[in-house]
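Observations on the model geometry
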Amino acid sequence: MKEQKIILQKVIDLIKKNKATGDVIFDQGKSLSFKAHDGELEKYEVSSSAVIGVRIIKNERVGTSFSEAIDDDSLEIMVKQAIDYASFSKEDPHQKIICEKSEKHENNPACNSKETIDAEQMIEMCLKLESLPKKRDSRVKSSPYNGLSEGSSTWFYMNTNGAFRSESSRYFSATSSVLMQEEGKNTSFYEGSVKRNFSDLDIDHLVDESIFHASEFLKGEQVETGKYNIVFSPRTFSSFFGVFSNIFSAESTIEGKNPLFEKLGEQIAHPELSLIDRPHFERGFNNQSFDSEGMETSDTELIKNGQYCGLLQNSKTASELKMKNTHNAARSARGSLNVSFSNKVFNLGSTKEEEINQMDHLEIVEIQGLHSGANSISGEFSFPISGYLYRNGKKEKVVKGVTLSGNFFKALNDITHVGDKLHSNSMGTVFMPKIVFSNLSIAGL
């Protein structure tokens, strides 16, 4: 850390020498990834990255620049470029350096596994990921997107007020996919998993999930056109909800891309729907002790009992909108100041999950063409889905080749039940109970 502190201090000194204020972010990362094909290792890649980026504020004008080199000349060029860019930018009185002088570092043991894993263990698991599907089901023709990787990153922050921060994390990820053929029909499915510990990766479960869904989709057929109760899997809901998450971004609000802003404080969803951004959630994978302005993070309520109650804010957006800063600032070394979620956590509801399972509903486990089929301003959406139709508590049909359509904002009000058990997507970034959306349209037969 001593070495990185010296580098960041050089940048801060250059900013001050130019009679400006600013902050600097230094992202360092390492990764090791493997991919297998036809029983042999196809890819073995070791990479490292280091990017340093500066944000400079001079005469209420903001400029940013970054460099992948950290020698003195490169740092000087980077700062000069940011100063030059600032001189051409329009005045922005809302951007300021707010974090006061202090030094804090986070190296959470839960996010930094000390497991020692050698390359041979990872290669063995990667080959298993590729070979297992064919061994378990003769209809599997290939595993085109299998892969295993390990990554670690450390983030450093320093500003002209004297604040210095750092935070590190380590992860392991695996992906299993299968391409299956039977009687002229082709289907595919992939499943991924991200864990803090290598030993927590459950390869057998990943492979079984991929085979199960691909096998089921071979039996897929259309259902009759009509209105259905819809339950999204955590993975598909994460993608679906993400398309419309601009309604929680203060930056999008300022840009005029938040159609619900005028309804802040009003009821926009079922009374049991509550959403909190939780940067310290124990099971979360997007845990963050500090935001990108160096401020300590905390929970932010966005929907409370169906009421639209908050936006993700940084110091700039909070100043511009005259609202409270929620310390959700986000800026990569290469980028400009914005806001972002950490872990999206939906509160539990009052309906027992067993009761939801007994309801007639269509569970969506795959969505295609998500972004091209949705309008985040109007809320309208229409895209192909695959899933399972349940009647009287039993799976009646595998559904494929149908289109789900509706309006996201109306759908929030058409929620009828919120379950009592928490599930997460495979990335560990969205945590939710089963939620029943009533009367969404399915176009099929």
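Up top you'll find the structure we're talking about.
How each quantity is defined
Residues numbered from 1 in each chain as written. Predicted model: local features only at pLDDT ≥ 70, side-chain atom pairs only at ≥ 80, totals over all residues. Heavy atoms only, no water. Helix = DSSP H or I, 4+ residues; strand = E, 2+ residues; numbered from the N terminus. Rg over C-alpha atoms; globule rule 2.2 N^0.38 Å. Buried < 20%, exposed > 50% of the residue type's maximum accessible area, 1.4 Å probe, protein only. Contact = heavy atoms within 4.5 Å. Expected span 1.5 Å × (residues − 1). 1 Å grid on protein atoms, 1.4 Å probe; cavity = no way out; pocket = protein on both sides within 12 Å on 5 of 7 lines; lining within 4 Å. Points joined across faces, edges and corners; volume = space filled by probe spheres on them. Nonpolar A, V, L, I, M, F, W, Y, C, P; charged D, E, K, R; others polar. Pairing = 2+ DSSP bridges. Core = buried A, V, L, I, M, F, W, Y, C linked by side-chain atoms within 4.5 Å.

Let us look at the overall build of the protein chain. Tallying secondary structure elements over the protein chain gives 9 helices and 22 strands in all. Taken against the 2.2 N^0.38 rule, which gives 22 Å for 445 residues, the C-alpha radius of gyration of the protein chain at 24 Å falls within 12% of a compact globule. For the C-alpha atoms alone, the extent of the protein chain along its principal axes is close to 70 × 55 × 35 Å. Scored against the burial criterion, the 445 residues of the protein chain give a buried share of 51%. For the protein chain, the share of sequence-separated contacts (at least 6 apart) that also reach a separation of at least 24 residues comes to 71%.

Moving on: unusual backbone geometry. For Asp38, which is not glycine, the phi dihedral falls at a positive 55°. Here Asp38 lies in the loop between strand E1 (21–37) and strand E2 (40–58). Since its relative accessible area comes to 55%, Asp38 is described here as exposed. Even without being a glycine, Asn439 presents a positive backbone phi close to 60°. Locating Asn439 in the fold gives a position in strand E22 (residues 435–443). Residue Asn439 is classed as partly exposed on the basis of its relative accessible area of 48%.

Our focus in this paragraph is helix H2 (residues 72–88). An ideal rise of 1.5 Å per residue puts 24 Å on 17 residues; H2 measures up with 25 Å between its terminal C-alpha atoms. Residues of H2 that are buried in the fold lie against helix H1 (2–17), E2 and strand E3 (61–67).

Turning to the layout of surface pockets, a few remarks are in order. In this structure, the largest pocket encloses a volume near 970 Å³. As for the largest pocket, its lining consists of 39 residues, and the residues nearest its centre are Lys195, Ser424, Asn425, Ser426 and Met427. Taken together, the elements giving at least two residues each to the lining of the largest pocket come down to strand E8 (185–195), helix H4 (203–217), strand E9 (226–232), helix H5 (234–243), strand E16 (361–367), strand E20 (423–424) and strand E21 (430–432). Taken together, the residues of the lining of the largest pocket sort by class into 14 nonpolar, 14 polar and 11 charged.

Spatial ordering of the open sheet is given by E12-E11-E10-E15-E21-E20, a layout of 6 strands whose pairing is mixed. The open sheet is flanked by strand E12 (307–308) and E20, the only strands paired with a single partner. Inspection of the sheet shows strand E11 (residues 300–304) paired to E12 by 2 bridges, in the antiparallel sense. The residue bridging Lys304 from the neighbouring strand is Gln307, located in E12.

Before going further, it helps to examine the nonpolar core. Of all hydrophobic cores here, the largest spans 48 residues; its most connected members are Ile230 and Leu404. Here Ile230 is in contact with Leu362, Ile364, Leu404, Ile435, Val436, Phe437, Leu440 and Ile442, once residues within four sequence places are set aside. In this structure, Ile117, Met125, Phe172 and Phe198 belong to the second largest nonpolar core, which totals 29 residues.

Our next topic: empty space enclosed by the protein. Tallied over the full model, the rule gives 1 cavity of 30 Å³ or more. Asp277, Pro279, Gln288, Thr297, Ser298, His327, Asn328 and Ser342 are the residues that line the largest cavity. Class assignment for the residues of the lining of the largest cavity results in 1 nonpolar, 6 polar and 1 charged.

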